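# Observations on chain architecture
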Amino acid sequence: MSKHSVGMIVLAGDKVLLVKNTEKSGYAHEIYGAPAGRLEEDENEKQAALRELKEETGLNTTEDSLEEFENNFYVAELDRKEGKVEYSIRFFLVKQYQGELKSSEETIPEWVPIDQLKEMTLVVNVKEAIDAAIKFLNP
């Protein structure tokens, strides 16, 4: 059975907000991903998205600022420290946010130029989700 997660695409000009996963995360060190995480018990997708964005980046947003877009759902097998895990993930575009970037034990948030993504080691489906969000915003 796959684990379900939510991810957030946060864009600012020609940059996207990614998180670098640290040694304490479930990922291999130095891999970048979108702010994302699993739903907790009694949470819906948008509630989980608000919590994960705050935990991983320090930023706050509202459910009204989360927007779905075409091609925002993926299923993949991820290499985690506990082995291969099948995940499903729904991405939301974050239209408005506030706060200051703040690292956690597991993640370091960074604004990354979109044109550098192809040279980076990214969690599976993150580049596709960013591309889909940009296409949604600029049809």
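Please refer to the structure placed before this passage.
Each value, and the rule that gives it
- In every chain, residue numbers begin from 1 and rise along the written sequence.
- Local features in this predicted model are restricted to residues whose pLDDT is 70 or higher, and side-chain atom pairs enter the listing and the counts only when it is 80 or higher, whereas totals over whole chains, interfaces and linings include all residues.
- Computation of side-chain values covers all heavy atoms of the structure but excludes hydrogens and water.
- Of the grid points, spaced at 1 Å and generated over the protein atoms alone, those admitting a 1.4 Å probe that cannot get out make up cavities, while open sets with protein on both sides within 12 Å along at least five of seven lines make up pockets; any residue with an atom within 4 Å of a point is treated as lining.
- Grid points are joined across faces, edges and corners, and a volume is the space filled by probe spheres set on the points.
- Secondary structure counts use DSSP, requiring at least four H or I residues in a row for a helix and at least two E residues in a row for a strand, with both numbered from the N terminus.
- When residue character is reported, Ala, Val, Leu, Ile, Met, Phe, Trp, Tyr, Cys and Pro are called nonpolar, Asp, Glu, Lys and Arg charged, and the others, Gly included, polar.
- Any residue under 20% of the maximum accessible area for its type is buried, any over 50% is exposed, and the rest in between are partly exposed; the area is computed with a 1.4 Å probe on protein chains only.
- In this scheme Phe, Tyr and Trp rings, the latter by its six-membered ring, pair at centre separations within 6.5 Å, and the angle between planes marks the pair as stacked below 30 degrees, edge-to-face above 60, and tilted otherwise.
- Just so you know, the count uses Lys and Arg for positive and Asp and Glu for negative, and it drops His and the chain ends.
- For this analysis, a salt bridge means a side-chain nitrogen from Lys or Arg found within 4 Å of a carboxyl oxygen belonging to Asp or Glu.
- Here a polar contact means two N or O atoms within 3.5 Å. Within protein one must be a hydrogen donor candidate and the other an acceptor candidate, and residues neighboring in sequence count only if both atoms are side-chain atoms.
- Here, residues are in contact when the closest pair of their heavy atoms is within 4.5 Å.

### With respect to the layout of surface pockets
Its volume calculated, the largest pocket comes out at about 540 Å³. For the largest pocket, the lining is made up of 30 residues, of which Tyr27, Ala36, Gly37, Glu56 and Arg80 are closest to its centre. Only strand S3 (15-21), strand S5 (36-38), helix H1 (45-57), strand S7 (73-80) and strand S8 (83-94) provide two or more residues apiece to the lining of the largest pocket. A per-element tally of the lining of the largest pocket places S7 first, with five residues. Of the residues belonging to the lining of the largest pocket, the class tally is 14 nonpolar, ten polar and six charged.

### Focus on unusual backbone geometry
At Asp42, a residue that is not glycine, the phi angle is positive and equals roughly 65°. The residue Asp42 is located in the loop between S5 and H1 in this model. Asp42 gets classed as exposed once you look at its relative accessible area, which sits at 77%. Phi at Asn71 takes a positive value of approximately 60°, unusual for a residue other than glycine. Of note, Asn71 is situated in the loop between strand S6 (66-67) and S7.

### Some details on the packing of aromatic side chains
Applying the stated criterion across every chain, the model contains three aromatic pairs. Centre to centre, the rings of Phe69 and Phe136 are 6.4 Å apart; their planes meet at 40°, and the pair counts as tilted. With a gap of 67 residues between them, Phe69 in the loop between S6 and S7 and Phe136 in helix H2 (residues 126-137) connect regions that are remote in the sequence. A centroid spacing of 5.9 Å and a plane angle of 75° characterise the contact between Tyr74 and Phe91, whose relative ring orientation is edge-to-face. Residue Tyr74 is located in strand S7, and its partner Phe91 is located in strand S8; the two are separated by 17 residues in the primary sequence. Judged by its relative accessible area of 14%, Tyr74 falls in the buried class. Note on Phe91: relative accessible area 2%, which makes it buried.

### Topic: the side chain of Glu56
Position of Glu56 relative to the elements: it lies in helix H1. Buried Glu56, no salt bridge; nearest opposite-charge side chain is Arg51, N-O distance 7.5 Å. Within polar-contact distance, the side chain of Glu56 engages the backbone nitrogen of Ala36 at 3.1 Å. Those residues in contact with Glu56, other than ones at most four positions away along the chain, are Val19, Ala34, Pro35, Ala36, Lys102, Thr107 and Pro109.

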